[in-house]
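# Topology and contacts: notes
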Amino acid sequence: MSCALTQGFNLDCRDSIGGLKEIYLIEHGNLGDITEASGVVTAISKLAGKRFYKYSLIRETSSFDEVITVNDQHGTAYYTQTNTIVLNKRQASVRNEIMLIAKNNVATVAVDNNGKAWLFGRENGLVPGGNTGSGTAWSDRNGATLTFTGNERELAPEVSAEVLSALGTPGA
């Protein structure tokens, strides 16, 4: 059987933390070839002049999630990927960028607070959505919550540190 299990799982040290510290976005159509080995992305090419854009995130506000959906009767399995990010402070430059994001399918690389990076929307891209608002009370958020959602055939692969360091470099 080609999908036979290959390993068990033991409890590990309690040294993992939740949340995201940054996310990188690129228009899905500007991705080139992606090389992966054993669940780790070892190369990502981008179309000429195109690059990932880095968004630094506010502590304890942003996350990703992957929902596993299996239909036994149809013999199918897929993964719904969701990235949710928060951007504080409404301003013209952020407004303009949100409108551009909304017009694209994107791929993202989300860097969690453990320093691990993960590629979302690899095959099909993620569709943006979300909301912006002023809040009501003085202590409420004045800004945006953006949600990127898509379905993929596999869980998000990890992105190597070498690939992560080159995301902002324009493609050749």
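Up top is the structure these notes are about.
This section reports on the structure supplied with the text. (Residues numbered from 1 in each chain as written. Predicted model: local features only at pLDDT ≥ 70, side-chain atom pairs only at ≥ 80, totals over all residues. Heavy atoms only, no water.)

## Notes on the side chain of Ser160
If you trace the backbone, Ser160 turns up in the loop between β11 (158–159) and α2 (161–165). Among the residues examined, Ser160 registers a relative accessible area of 12% and is labelled buried. Residues in contact with Ser160, not counting those within four places in the same chain, are Val40, Val41 and Thr42. (Helix = DSSP H or I, 4+ residues; strand = E, 2+ residues; numbered from the N terminus. Buried < 20%, exposed > 50% of the residue type's maximum accessible area, 1.4 Å probe, protein only. Contact = heavy atoms within 4.5 Å.)

## With respect to the pattern of salt bridges
Under the defined criterion, the tally for this structure stands at three salt bridges. A salt bridge links Glu158 to Lys116; the nearest nitrogen and oxygen atoms lie 3.4 Å apart. Of the two residues, Glu158 is situated in strand β11 and Lys116 in the loop between β7 (106–112) and β8 (117–120); the sequence distance between them amounts to 42 residues. Residue classification places Glu158 among the partly exposed positions, given a relative accessible area of 21%. Residue Lys116 is classed as partly exposed on the basis of its relative accessible area, which comes to 37%. (Salt bridge = Lys/Arg side-chain N within 4 Å of Asp/Glu carboxyl O.)

## What to know about the sheet that holds strand β5 (residues 63–71)
Two strands in a sheet stick together by hydrogen bonds in their backbones, pointing the same way (parallel) or opposite ways (antiparallel). Strand order in the open sheet made by the four strands is β5-β6-β10-β9, with antiparallel pairing throughout. Edge positions in the sheet fall to β5 and β9 (127–133), since each of these pairs with one other strand and no more. Direction aside, the axes of adjacent strands within the sheet are offset by 15 degrees on average. Judged from the nine bridges that link them, β5 and strand β6 (residues 76–88) form a sheet pairing that is antiparallel. Residue pairing in the sheet places Phe64 in a bridge with Asn83 of β6. (Pairing = 2+ DSSP bridges. Axes fitted to C-alpha atoms, helices over the stretch in contact; angles between N-to-C directions.)

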